[in-house]
Amino acid sequence: MTFEDLRIVPPILKALKAQGYTSPTPIQAQSIPILLRGKDLLGCAQTGTGKTAAFSIPVLQNIYLDQQNPPRKKGFRKIKALIVTPTRELAIQIGENFTAYARYTHIKNTVIFGGVKQGNQTQALKKGVDVLVATPGRLLDLMQQGFISLKHIEYFVLDEADHMLDMGFIHDIRKIIAKIPEKRQSLFFSATMPPAIVNLSQKILGDYDSVTIKPEQATAERVEQAVYFVSKSDKRKLLLHLLQSEPAQSVLVFSRTKFGADKIVRWLKKSDIKSAAIHGNKSQGARQRTLKEFKSGKIDVLVATDIAARGIDVDELSLVINYDLPNVSETYVHRIGRTGRASASGIALSFCDKDERTYLRDIEKLIKQDINVIEEHPYVEVVTDASPKKTHKPQGARSNRNKRSGSNKNFKHKKRNNYKKHRSSPSRKKG
Ligand code: AMP
C-alpha cells in the first residue's frame with residue numbers, strides 16, 4: 001500500500017515524500033479512506049502509531065479540495081478545522097505535523113496553549129488561519145475574549161480523549177462542542193475506550209466508522225521488554241549501573257512524581273550523566289528548551305512524568321526505563337510506545353519493587369504476555385514474604401514465571417546491537 005493508492009493529492013504527496021514517509025502506517029491506511037469519504041471516525045489508537053498524520057492528511061486534503069473548487073478568494077481566512085488535544089507538547093507536535101504536510105499548499109495553521117502569554121497567539125489568529133490546534137483552557141479563554149469564532153468549523157478532531165477526561169477537561173470539551181456547527185466532520189481519538197469515553201464519543205460523532213489499532217500490537221510486536229526486581233532504595237543505583245554499563249543516547253526515564261523526576265536528575269548529574277527533567281512544574285519555555293536539547297543530543301537522558309511525556313516525539317528513542325511501574329496498566333502501554341515508533345524496534349526496561357508486583361501482574365494481563373525478568377544484576381530484591389505470588393528466587397536462580405531459557409542473553413545481545421546502531425547514527429529526525 002502506498003499513499004498514491006490512498007489518492008492523496010500531489011502537493012500533500014510531495015510533502016509526505018519530503019518527510020521520508022514511504023508507506024502509510026495501519027491506522028493511516030484504514031482511516032484516510034473513511035475520512036476522505038466524509039464520514040466521522042472513532043479511532044482507538046495511541047500516540048506512536050502515526051495517528052496524527054492519519055487525521056491531518058485527510059483534513060488538509062479536504063480543505064485543499066474545498067479551496068480549489070471554486071478557487072479560494074483572497075480575504076480573511078476562517079477557521080475550518082479545529083483540533084483539540086490535552087497538552088501543550090502534543091498541540092505543538094500536531095501543529096508541526098500540519099505545517100510539514102501542508103508546506104506545498106496554501107493552508108495555514110496555528111497552535112494555542114496555556115502557560116505562556118497570549119500575545120503571539122492572538123497575533124497569529126488575527127492574521128487568519130485555516131486550521132487551529134488548541135488545548136481546551138486557552139481555546140475557551142480566547143473564544144471568550146472574542147479572538148476566535150468557531151462558526152465556520154467543518155472539521156473537528158478530539159485527540160487523546162481519555163487523557164482529556166483524566167485531566168478534568170470534560171466540561172471544557174462540552175462547552176467547545178456547543179459552539180461548533182452541527183454540520184461538520186468529527187474525528188474522535190482515544191487510546192482506551194472506558195464507558196465514559198464511549199459516552200462522550202456518542203455525543204460528538206454522527207454516522208461514523210471505527211478503526212482500532214490495538215495497543216497490544218505495539219508492545220508485543222515492536223518493543224523488547226524486561227523487568228528488574230529491585231528495592232525502592234536501590235532503584236537509583238540500578239539506573240546508574242545500567243546507564244553506565246550500556247551508555248546510550250535518547251533514554252527516556254519515567255517517574256511517577258515530579259519530585260521523583262527532579263531527584264533522579266540530581267542523582268544522575270552527580271555522576272556526570274547529561275540529564276534533565278520535564279514535568280508540569282516546569283515553565284513551558286523550560287520544557288521546550290529541554291525537549292530541543294534532548295532531540296539534538298545535548299541531553300542523553302530525559303526524566304519525565306506521564307502527562308509531560310505525552311507530546312514527546314523523538315524518533316528512534318533507544319530506551320525507555322520505567323523507574324516506577326504505573327498503577328494503571330494502559331499507562332505502561334503508552335510509555336513503552338514512546339520507543340519502537342512507526343517502524344523502529346525499541347527497548348523498555350522496568351524497575352519493580354515489592355509493592356509494585358501487583359501492577360506488574362496487571363500489565364502482563366493487559367498485554368497478554370510475560371515480561372522477561374532480568375535476574376543477573378547487582379541489586380536484586382529478594383522478597384521473603386511466604387506468599388507464592390510474591391516470592392522471588394535469589395540472584396542466579398531462574399524464575400518459574402519466565403522459563404524462556406537464554407532469553408536474558410538474547411535480550412542483552414539485542415540491546416547491545418541496538419545501542420550500537422544508535423551510536424553510529426546519532427542524527428534523530430523530528431516527526
Ligand atoms: P504519531 O502517532 O502521530 O505521534 O506518530 C509517530 C511518529 O511516526 C511521528 O514521528 C511521525 O512523524 C511518524 N510517522 C507517521 N506516519 C508515518 C509514516 N507513514 N511513515 C513513517 N513515519 C511516520
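The structure under discussion appears in the preceding block.
Note that the structure is predicted; figures quoted are calculated from it, not measured. Just so you know, the residues in each chain are numbered from 1, in the order the chain's sequence is written. Local features in a predicted model are, by the rule used here, given only for residues with pLDDT of at least 70; side-chain atom pairs are given and counted only at 80 or more, and totals for whole chains, interfaces and linings are based on all residues. As a convention, hydrogens and water are excluded, and side-chain values are obtained from all of the structure's heavy atoms.

1. A word on unusual backbone geometry
Its identity is not glycine, yet Arg7 carries a phi of approximately 60°, on the positive side. Helix and strand assignments come from DSSP, with helices taken as H or I runs of at least 4 residues and strands as E runs of at least 2, each series counted from the N terminus. Tracing the backbone through its elements, the reader meets Arg7 in the segment before helix H1 (10-19). When a residue's accessible area, from a 1.4 Å probe over protein chains only, is under 20% of the maximum for its type it is buried; when over 50% it is exposed; and in between it is partly exposed. For Arg7, a relative accessible area of 70% corresponds to the exposed category.

2. Quick word on the side chain of Ser201
With respect to the secondary-structure elements, Ser201 resides in helix H9 (residues 195-204). Judged by its relative accessible area of 3%, Ser201 falls in the buried class. Any two residues whose heavy atoms approach within 4.5 Å are treated as being in contact. What Ser201 contacts, discounting residues up to four positions off in sequence, is Leu42 and Phe188.

3. Examining the sheet that holds strand E3 (residues 109-112)
Sheet strands pair via backbone hydrogen bonds, and the direction of the pair is either parallel or antiparallel. Two strands qualify as a pair provided that DSSP identifies no fewer than 2 bridges between them. Read across the sheet, 7 strands follow the order E3-E4-E2-E5-E6-E1-E7 without closing on themselves; strand pairing throughout is parallel. Each of the sheet's edge strands pairs with one partner strand only, and the pair in question is E3 and strand E7 (208-212). Ignoring which end each strand starts from, the neighbouring axes of this sheet average 10° apart. Direction of pairing for strand E2 (residues 81-84) relative to strand E4 (residues 131-134): parallel, over a ladder of 4 bridges. The residue of E4 that forms the bridge with Ala81 is Val131. Against the sheet, H9 makes contact with strand E1 (40-44), strand E5 (155-158) and strand E6 (185-190), and its axis sits at roughly 170° relative to E6, the strand it touches most. To get an axis, a line is fitted to the C-alpha atoms, and for a helix only the part in contact is used. The angle between two axes follows their N-to-C directions and goes from 0 to 180 degrees.

4. Structural notes on the pattern of salt bridges
Any Lys or Arg side-chain nitrogen found within 4 Å of a carboxyl oxygen on Asp or Glu counts as a salt bridge. Under the criterion given, the structure shown has 17 salt bridges. A salt bridge links Asp234 to Lys237, with the nearest nitrogen and oxygen atoms 3.3 Å apart. With a shortest N-O distance of 3.7 Å, Lys235 and Asp324 are connected by a salt bridge. You can see Lys235 sitting in helix H11 (residues 235-245) and its partner Asp324 sitting in the loop between strand E12 (319-322) and helix H15 (329-336), a full 89 residues away along the chain. Lys235 gets classed as buried once you look at its relative accessible area, which sits at 1%. A single salt-bridge network, built from bridges that share partners, covers Lys232, Lys235, Arg256, Asp324, Asp353, Asp355 and Glu356.

5. Looking at the nonpolar core
Counting residues in each nonpolar core, the largest one holds 41 residues, and the members touching the most others are Ile8, Ile57 and Phe98. Mapped onto this core, the elements with two or more residues apiece are H1, helix H2 (26-36), helix H3 (51-68), E2, helix H4 (88-101), E4, E5 and E6. Top contributing element to this core by residue count: H3, with 8 residues. Residues within four places of Ile8 in sequence aside, it is in contact with Phe3, Leu13, Leu16, Ile32, Leu36, Ile57 and Gln61. Here the nonpolar core consists of buried residues drawn from Ala, Val, Leu, Ile, Met, Phe, Trp, Tyr and Cys, with membership extended through side-chain atoms lying within 4.5 Å.

The quantities given are spatial measurements derived from coordinates; they are silent on function.
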